[in-house]
Amino acid sequence: MRKIRLLGDPVLRRRSKEVEALDESVESIVEELFQIMYSEDGVGLAAPQIGVSLRIFAIDDGKPMAFVNPKILWRSEDTNIGEEGCLSIPDVFEDVERSNSVVVEYLDFKGNVAKKQFSGYTARVIQHEYDHLDGVLFIDRIAPNRRIAIREKLISIIREANRK
Ligand SMILES: [Zn+2]
């Protein structure tokens, strides 16, 4: 099974590529995302976090959902602030401002094109995971004073990542 990539791993900063065909390899990546997400008690996991630079992520908001080639078509102007963490940045939890609602177009795990609106916590998780596909991490979106406050912690995670 693939390992979770930690902050400092260049794959987390890359822009992931579109999936060209929903074949068995994509299916097995989706399966692995769910396996690792559940074993780590995460609510979402993006393919780059397991070292796969493809536009795929998985979430669980009460039921498992996979997103392949997602596009956020609309973000509400209304926002809220909530705490986020990330399996690639262990033990760091910080407030992030996100849109209350988003409309996402994506392929589901059966290969159907879906277009749905998500709100609240699910919208937050989707925005977080979607960022991963563009090489953006939640620590990029926190207040500058908070980034300074957690600097040492981040440096120790990067050291840990480079040791592996
Ligand atoms: Zn994350």
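It should be emphasised that the depicted structure is a prediction, and the values quoted were computed from it without experimental measurement. (Residues numbered from 1 in each chain as written. Predicted model: local features only at pLDDT ≥ 70, side-chain atom pairs only at ≥ 80, totals over all residues.)

1. Brief notes about the pairing of strand β2 (residues 56–60)
Here β2 lies mainly inside the structure; four of its five residues are buried. Alignment of strand β1 (residues 44–46) against β2, held across three bridges, turns out to be antiparallel. Looking at the pairing, Gly44 lines up with Ile59 of β2. Taken together, the five bridges between β2 and strand β3 (residues 64–75) define a ladder with antiparallel strand orientation. In the sheet register, Phe57 faces β3, and the bridge partner there is Phe67. (Buried ≥ 20, exposed ≤ 12 C-beta atoms within 10 Å, placed from the backbone. Helix = DSSP H or I, 4+ residues; strand = E, 2+ residues; numbered from the N terminus. Pairing = 2+ DSSP bridges.)

2. Thoughts on the sheet that holds strand β7 (residues 113–119)
Strand order in the open sheet made by the five strands is β1-β2-β3-β6-β7, with antiparallel pairing throughout. Of all the strands in the sheet, just β1 and β7 have a single pairing partner and so form its edges. The mean inter-strand angle of the sheet, taken between neighbouring strand axes irrespective of direction, is 40 degrees. The pairing of strand β6 (residues 101–107) with β7 spans seven bridges and is antiparallel. Of the residues in β7, the one forming a bridge with Val103 is Gln117. Along the sheet, helix α1 (residues 24–39) makes contact with β1, β2 and β3, crossing β2 at roughly 40 degrees. (Axes fitted to C-alpha atoms, helices over the stretch in contact; angles between N-to-C directions. Contact = placed C-beta atoms within 7 Å.)

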